[in-house]
2 protein chains.
Amino acid sequence: MNVPETVLTAMRQTNELFNSEVVAKRNISGLDQVYTGNARILPPGAEMIVGRDQIKAFWQQAIAGLGLKSVKLTTVEAESLGDSIVEIGRADLGLTDGQTLTVKYVVLWKQEAGQWKWHVDIWNPNQ
Amino acid sequence: MNVPETVLTAMRQTNELFNSEVVAKRNISGLDQVYTGNARILPPGAEMIVGRDQIKAFWQQAIAGLGLKSVKLTTVEAESLGDSIVEIGRADLGLTDGQTLTVKYVVLWKQEAGQWKWHVDIWNPNQ
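Scoring rules and cut-offs
Each chain has its residues counted from 1, following the order in which its sequence is written. By the order in which they are written, chains take letters starting at A while ligands take numbers starting at 1. pLDDT decides what is reported in this predicted model: residues at 70 or higher carry local features, side-chain atom pairs at 80 or more are listed and counted, and totals for whole chains, interfaces and linings draw on all residues regardless. Only hydrogens and water are set aside when side-chain values are computed; all heavy atoms of the structure are taken into account. Superposition of the copies used a least-squares fit over C-alpha atoms from residues whose pLDDT is at least 70 in both. Here, residues are in contact when the closest pair of their heavy atoms is within 4.5 Å. By this definition, two strands are paired if DSSP reports at least two bridges between them. Secondary structure elements follow DSSP: runs of H or I no shorter than four residues count as helices, runs of E no shorter than two count as strands, and numbering proceeds from the N terminus. Under the convention used throughout, the expected extent of a helix is 1.5 Å for every residue step, that is, one less than its residue count. We define the bend at each residue as the angle formed by axes fitted to the 7 residues ending at it and the 7 residues starting at it.

With an RMSD of 0.0 Å, the fit of chain A onto chain B corresponds to turning through 180 degrees and sliding 0.0 Å along the axis. Here the symmetry operator amounts to a two-fold rotation axis. Looking at the rotation axis and the C-alpha trace of chain A, the residue lying nearest is Gly82 of chain A, at 2.1 Å. With an isologous cut-off of 70% or more, the 100% of interface residues of chain A that recur at the interface of chain B puts this contact in the isologous class.

Our next topic: the pairing of strand β3 (residues 68-81) of chain B. All names here are of chain B. Of the strand pairs in this sheet, β3 and strand β4 (residues 84-95) are connected by 12 bridges, and their pairing is antiparallel. Within β4, the position partnered with Leu81 by the bridge is Ser84. The turn linking β3 back onto β4 is made up of two residues, and Gly82 within it adopts a positive phi angle of 60 degrees.

So, on to helix α1 (residues 5-23) of chain A. Residue and element names in this part refer to chain A. For α1, which comprises 19 residues, the first-to-last C-alpha distance of 26 Å matches the rise-based estimate of 27 Å (1.5 Å per residue) to within 8%. The principal kink in α1, of about 25 degrees, is found at Leu17. Tucked inside the fold, the buried residues of α1 contact α2 (52-66), β3 (68-81), β4 (84-95), β5 (100-112) and β6 (115-125).

Written as structure tokens, this is what we have:
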């Protein structure tokens, strides 16, 4: 990893916000701090979704539909590329029925108003 | 897209090699021209796979197992980041049983010995 520790810390804060605010409290407006305004997500089983408003609608439905209770995000690799960062990670999903799922992801990070956010986000299940 | 046309052409050549050599002819050694030596792939339903030799073993099995006949790769977006490129794309998979599948992907490209290759490759199905 060639990413400074201060930036890795900022990334961890964004990732933890997704868990503690968006998933645990179902506070969808927390996604303003997680995704850039023109972010793209590529979810399994759906078309690419463009823009933070559409992404909010996706997560509102997905969190309720899946019964998502927690999402623990762990950075496996991170590389600075120009003014962006590419992260490979692992997500441990806790569901309200007690099940757990393991997901891997690639996120392209960009700074927006000084904050590190997810700009491209794609994932798939390990199982 | 801020990627020069010459580089987009080189990327198309790599993508087409995957289709015409690796998939259509089942010439797995063609992957030497497609992936960097220490590339990573993140396939749905499996753990991350590291290194070109392991990636070859994965594709040998997956192409036969799925009955893959053709893979048409289309770049949706490409962005230069430092000495790398991040591509968002769409893959139309043709199977030997006549079925077609649509997949979306994110690839991090790097140059290896002057050739543009896939360094991180993650995808998932649209359906």
